[in-house]
Amino acid sequence: MPGLRAPSDYSEEPSRHPALKINAKAPFNAEPPRQALVSSYVTPTEFFYKRSHGPIPVVDDIERYSVSIKGLIEKPKEFFMKDILSLPKYNVTATLQCAGNRRTAMSKTRTVRGVGWDVCALGNGPSPNNCCHAIWGGAKLADVLELVGIPKYTNTTPAGGKFVEFVSVDRCKEENGGPYKASIPLSQATNPEADVLLAYEMNGETLNRDHGYPLRVVVPGVIGARSVKWLDSINIDSQDCKGFFVQKDYKMFPPTVNWDNIDWSTRRPQMDFPVQSAICSLEDVNVGRHGKITVKGYAVSGGGRGIERVDISTDGGKTWKEASRYQKPGIQYVADDEKSDKWAWVLFEADVDVQSNTEIVAKAVDIAANVQPEKVEDIWNLRGILNTSWHRVHVQVRHSSM
């Protein structure tokens, strides 16, 4: 498209932080170290997990870049960046989590297909596939859609449009060289309270190339795969997107389904992500002296559901201790309070006493009383998505010989 292009090779990739754990080089997919992820409530941009399906798009001329909105609407329109920037700006603090977060641990039970992510495929901020937390700035999609004749809180357009499809400039092999695309219901897109953004800022700065420059979609509370980067066009359609990542990926199947008997049409595309937590102050296996250990990590749930409780066990889940939860310094976190960021994770902390070799476990409960399942075997699926089982780390105590 004019002004923004998808390179044919990886010779124009941006620079990245050397501390990132690289899970795939081409296309580039990486996540931060565990402890760096929870060093602050808002994930620094350089540590936000990186998820791509091809070479990172390049902006050649920002003045020529535009996004077209078309389909089952009365007033198709082309929007340039100056048009988007002229609309009211909103800042939304939201955690983006890859549906494949913690896939590596699920693969240890039975092999799955997909990029191997540890616990850091998320962030409080912009990113579509692990877990990270950031402050996104941009125009609300509901405001933009009003300019093409779709009022707020619309479920169906007069022409029968029920879904909003986002098409990227990003080219990927799964689409046979075509663009990455995804969709959400029109009712969600036109609801201002859903906070769906056409974002051009991340953490107070212009988006960088890895995270969707010059314009991306941010859909809070759902898996990162729906927050399309490097936006090219928006289509209003009567049906859900027919793209690969909506129809033949990111669907939750039971453990009995394998690659020989799978029928993709029997499952709906995954949207909200389930309640999740992970310990980030410790690795999978830790060696140290007996005594006090501070356990830190994150907990988050989809759909704007806050975290009611995080439980920590030092005996593999036999007994539990409740961890403290927090978001902003100096402000008490209450799960459904208006002062809390409903689309964002909470960080948790608990001091525990470890005297011998043990397994430390974390599990979270959201405000709808959804709780993480105990065993990964019960939620195993062939694509390795949505591993929300109890998070476990092991501590080996080294006793002094003195």
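Reference entry: report on the structure contained in this document.

Cut-offs applied
Residues numbered from 1 in each chain as written. Predicted model: local features only at pLDDT ≥ 70, side-chain atom pairs only at ≥ 80, totals over all residues. Heavy atoms only, no water. Helix = DSSP H or I, 4+ residues; strand = E, 2+ residues; numbered from the N terminus. Rg over C-alpha atoms; globule rule 2.2 N^0.38 Å. Buried < 20%, exposed > 50% of the residue type's maximum accessible area, 1.4 Å probe, protein only. Areas by Shrake-Rupley, 256 points an atom, 1.4 Å probe, with all protein chains shown as cover. Salt bridge = Lys/Arg side-chain N within 4 Å of Asp/Glu carboxyl O. Core = buried A, V, L, I, M, F, W, Y, C linked by side-chain atoms within 4.5 Å. Contact = heavy atoms within 4.5 Å. Pairing = 2+ DSSP bridges. Axes fitted to C-alpha atoms, helices over the stretch in contact; angles between N-to-C directions. 1 Å grid on protein atoms, 1.4 Å probe; cavity = no way out; pocket = protein on both sides within 12 Å on 5 of 7 lines; lining within 4 Å. Points joined across faces, edges and corners; volume = space filled by probe spheres on them. Nonpolar A, V, L, I, M, F, W, Y, C, P; charged D, E, K, R; others polar.

**Some points on the overall build of the protein chain**
Moving on, step 1. Check the secondary structure of the protein chain and you find six helices and 24 strands.
Moving on, step 2. Taken against the 2.2 N^0.38 rule, which gives 21 Å for 402 residues, the C-alpha radius of gyration of the protein chain at 21 Å falls within 12% of a compact globule.
Moving on, step 3. When burial is assessed residue by residue, the protein chain has 56% of its 402 residues classed as buried.
Moving on, step 4. Carbon and sulfur atoms form 48% of the exposed surface of the protein chain, whose accessible area is close to 16,700 Å².

**Comments concerning the pattern of salt bridges**
Moving on, step 1. If you walk through the whole model with that rule in mind, you get 18 salt bridges.
Moving on, step 2. With its nearest N and O atoms 2.7 Å apart, the salt bridge here joins lysine 152 to glutamate 146.
Moving on, step 3. Exposure remark for glutamate 146: the relative accessible area of 38% places this residue in the partly exposed category.
Moving on, step 4. Through salt bridges with shared partners, a single network forms among Arg34, Lys108, Glu283 and Asp284.

**Points about the nonpolar core**
Moving on, step 1. Core analysis: the biggest nonpolar cluster contains 59 residues, and Leu145, Val164 and Ile234 have the highest contact counts within it.
Moving on, step 2. Setting aside residues up to four positions removed in sequence, leucine 145 forms contacts with Ile69, Ile150, Val164, Leu186, Ala189, Thr190 and Ile236.
Moving on, step 3. Ile307, Val346, Phe348 and Val395 belong to the second-largest nonpolar core, a separate cluster that totals 23 residues.

**Examining the sheet that holds strand E11 (residues 179-185)**
Moving on, step 1. Read from one edge of the open sheet, five strands run E6-E5-E15-E10-E11, paired in mixed fashion. Each edge of the sheet is formed by a strand with only one pairing partner; in this case those strands are strand E6 (77-80) and E11. This sheet shows a mean twist of 20° between the axes of neighbouring strands, independent of strand direction.
Moving on, step 2. When strand E10 (residues 163-171) meets strand E15 (residues 231-237), the two strands line up antiparallel, connected through six bridges. Paired with phenylalanine 166 across the strands is isoleucine 234, a residue of E15.

**A short note on the layout of surface pockets**
Moving on, step 1. A volume near 380 Å³ is recorded for the second largest pocket.
Moving on, step 2. Within the lining of the second largest pocket, the residues separate by chemical class into eleven nonpolar, five polar and eight charged.

**Points about the sheet that holds strand E24 (residues 391-397)**
Moving on, step 1. In spatial order, the strands read E17-E24-E23-E19-E20; together these five strands make up an open sheet with mixed pairing. The outermost strands of the open sheet, each flanked by one partner alone, are strand E17 (285-288) and strand E20 (321-322).
Moving on, step 2. The pairing of strand E19 (residues 307-313) with strand E23 (residues 358-366) spans six bridges and is antiparallel. Bridging across to E23, valine 310 finds its partner in alanine 364.

**Focus on unusual backbone geometry**
Moving on, step 1. With an omega of 5°, the peptide bond between alanine 26 and proline 27 qualifies as cis.
Moving on, step 2. Topologically, proline 27 is positioned in the loop between strand E2 (21-24) and strand E3 (29-31).
Moving on, step 3. Across the junction of tyrosine 213 and proline 214, the peptide omega takes the value 10°, indicating a cis bond.
Moving on, step 4. As for its placement among the helices and strands, proline 214 is situated in the loop between strand E13 (205-206) and strand E14 (216-218).
Moving on, step 5. For tyrosine 153, which is not glycine, the phi dihedral falls at a positive 60°.
Moving on, step 6. You can see tyrosine 153 is positioned in the loop between helix H4 (141-146) and E10.
Moving on, step 7. Phi angles above zero are rare outside glycine, and leucine 386 is one such case at about 55°.
Moving on, step 8. Note on placement: leucine 386 falls in the loop between E23 and E24.
Moving on, step 9. With a relative accessible area of 8%, leucine 386 lands in the buried category.

**Details of empty space enclosed by the protein**
Moving on, step 1. Within the structure shown, the criterion is met by four cavities of 30 Å³ or more.
Moving on, step 2. Estimated volume of the second largest cavity: approximately 60 Å³.
Moving on, step 3. Taken together, Gln97, Cys98, Ala99, Asn101, Ile223, Phe273, Pro274, Gln276, Leu386, Asn387 and Thr388 make up the full set of residues lining the second largest cavity.
Moving on, step 4. Here the residues of the lining of the second largest cavity are counted per class, giving six nonpolar, five polar and no charged.

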